[in-house]
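# Working through the structure, step by step
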Amino acid sequence: MNRAHPQAWHTTLSAISPEIRQWLQDRGSLTRRIQERCDQFYVEPVFQSLTKVYGDESIKMKLRQDELALVREVYLYCCDRPVVFAHSVVPRKGLRGVWRSLSGLGNRSLGSMLFTNPKIKRTPLEFKKVGGGHFLYERAIIRLTTIPSNLWARRSLFTLQGQSILVTEVFLPDILDLPL
Ligand SMILES: C=C(O[C@@H]1C=C(C(=O)O)C=C[C@H]1O)C(=O)O
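Residues numbered from 1 in each chain as written. Predicted model: local features only at pLDDT ≥ 70, side-chain atom pairs only at ≥ 80, totals over all residues. Heavy atoms only, no water.

### Side note on the packing of aromatic side chains
Scanning the entire structure with this criterion turns up 5 aromatic pairs. The structure contains a cluster of three or more aromatic residues connected by ring pairs, namely Tyr 42, Tyr 75, Tyr 77 and Phe 85. When the ring centre of Trp 23 is taken as origin, the NZ or CZ atom of Arg 33, which lies over that ring, is 4.4 Å away. (Phe/Tyr/Trp six-rings, centres within 6.5 Å; stacked < 30°, edge-to-face > 60°. Lys NZ or Arg CZ within 6 Å of the ring centre and 35° of its normal.)

Written out as structure tokens, the structure is:
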């Protein structure tokens, strides 16, 4: 726990199970990792809007508090079970630039964009355990029938020609039912 900033995201993981660690620290495409372990993978978009960013995301993306960004939220499913809740943020200027195709992505995985262009660079992953009251937790649990007390989340920036998209993924309990 970062006592100075209890709300902070961490660049290292400690005292967690090897199973969830393998998911959290894998820097490859999460979509592809799930597809390799699940025959019926699909993406379900649940929210997309030009809105103000949440919490510390404005600091992370160097945006003013009142600046609008496109927020895309999806669940990644294996069969009929949600295994990841993803929350992605693109500043308005990025929407007019290199990330303009994001708004029309629909139920295609964002990973199909991010991991096919070698010019896209990714920052190191940050991790955080989120619980009641955190906006990521409150939104991630909407599709869950059994509600855990907290969930592991990770995030990183993908940057192309100086324009970034912040991708945050919240790992849902059923992800641990997939083979490692
Ligand atoms: C970044 C990836 O894309 C995944 C799909 C997303 C989407 O479709 O919005 C968002 C984040 C990821 O869970 C990936 O597959 O690694």
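From this point on, the discussion continues.
### A short note on the site of the ligand
Around the ligand there are 17 residues in total, and Leu 30, Thr 31, Arg 72, Leu 110 and Gly 111 lie nearest to it. Thr 31 places a side-chain nitrogen or oxygen 2.6 Å from an oxygen atom of the ligand. Here an oxygen atom of the ligand and a side-chain polar atom of Arg 72 are 2.7 Å apart. Here the ligand, which alone exposes 380 Å², has 100% of that area covered by the protein. One can see that the ligand is located within the largest cavity. (Near = heavy atom within 4 Å. Polar contact = N/O pair within 3.5 Å; in protein donor to acceptor, adjacent residues only side chain to side chain. Areas by Shrake-Rupley, 256 points an atom, 1.4 Å probe, with all protein chains shown as cover. 1 Å grid on protein atoms, 1.4 Å probe; cavity = no way out; pocket = protein on both sides within 12 Å on 5 of 7 lines; lining within 4 Å. Sits in = over half its atoms within 2 Å of the grid points.)

### Some words on the UniProt feature "binding site: substrate" (unreviewed entry) in the protein
UniProt feature "binding site: substrate" (unreviewed entry): in the numbering of this structure it lies at Arg 72, Leu 110 and Glu 169. Look at the named residues: they lie 98 residues apart in sequence, but the longest C-alpha span between them is just 11.8 Å, so in the fold they bunch up. As for the annotated residues, the ones lining the largest cavity are Arg 72, Leu 110 and Glu 169. By secondary structure assignment, the location of Arg 72 is in strand E2 (residues 68-78). When near neighbours in sequence (up to four residues on either side) are disregarded, Arg 72 contacts Val 43, Phe 47, Gln 48, Ala 86, His 87, Ser 88, Leu 102, Leu 105, Gly 106, Arg 108 and Leu 110. Within the structure, Arg 72 has its side chain in polar contact with the backbone oxygen of Gly 106 (distance 2.9 Å). (UniProt positions renumbered as here; feature names shortened; annotations may be inferred. Helix = DSSP H or I, 4+ residues; strand = E, 2+ residues; numbered from the N terminus. Contact = heavy atoms within 4.5 Å.)

### Re the state of the cysteines
Taken as a whole, this structure holds 1 disulfide when the rule is applied. In this model, Cys 38 is linked to Cys 78 through a disulfide, with the two sulfur atoms separated by 2.0 Å. Here the S-S torsion is close to 100°, and the disulfide linking Cys 38 with Cys 78 is therefore right-handed. With a gap of 40 residues between them, Cys 38 in the loop between helix H2 (30-35) and strand E1 (41-52) and Cys 78 in strand E2 connect regions that are remote in the sequence. Residue Cys 38 shares its accessibility class with Cys 78, and that shared class is buried. Cys 79 carries a free sulfur, and the closest cysteine sulfur to it, the one in Cys 78, is 4.2 Å from it. Looking at Cys 79, the relative accessible area reads 32%, which means it is partly exposed. (Disulfide = S-S within 2.5 Å. Buried < 20%, exposed > 50% of the residue type's maximum accessible area, 1.4 Å probe, protein only.)

### Let's talk about the pattern of salt bridges
A complete count under the given rule lists 11 salt bridges for this structure. We note a salt bridge from Asp 26 to Arg 33, for which the minimum N-O separation is 2.8 Å. Judged by relative accessible area, Asp 26 falls into the partly exposed class, the value being 23%. For Arg 33, a relative accessible area of 8% gives the class buried. (Salt bridge = Lys/Arg side-chain N within 4 Å of Asp/Glu carboxyl O.)

### A short note on the nonpolar core
Leu 24, Ile 34, Leu 76, Val 84, Phe 171 and Ile 175 are the most contacted members of the largest nonpolar core, which totals 22 residues. Taken together, the elements giving at least two residues each to this core come down to helix H1 (18-25), H2, E1, E2 and strand E3 (81-91). Apart from the residues lying within four places of it in its own chain, the contact partners of Val 84 are Leu 30, Ile 34, Val 74, Tyr 75, Leu 76, Glu 169, Val 170, Phe 171, Leu 172 and Ile 175. (Core = buried A, V, L, I, M, F, W, Y, C linked by side-chain atoms within 4.5 Å.)

### Here's the deal with the pairing of strand E7 (residues 163-171)
Judged by how many residues are buried, E7 sits mostly within the fold: 8 of 9 residues are covered. Relative to E7, E3 runs antiparallel, the two sharing 6 bridges. Looking at the pairing, Ala 86 lines up with Glu 169 of E7. In this structure, strand E6 (residues 150-160) lies alongside E7, joined through 9 bridges in antiparallel fashion. Considered in E7, the bridge of Trp 152 is made with Phe 171. Linking E6 back to E7 in an antiparallel pair, the connection comprises 2 residues, with Gln 161 at a positive phi of about 50°. (Pairing = 2+ DSSP bridges.)

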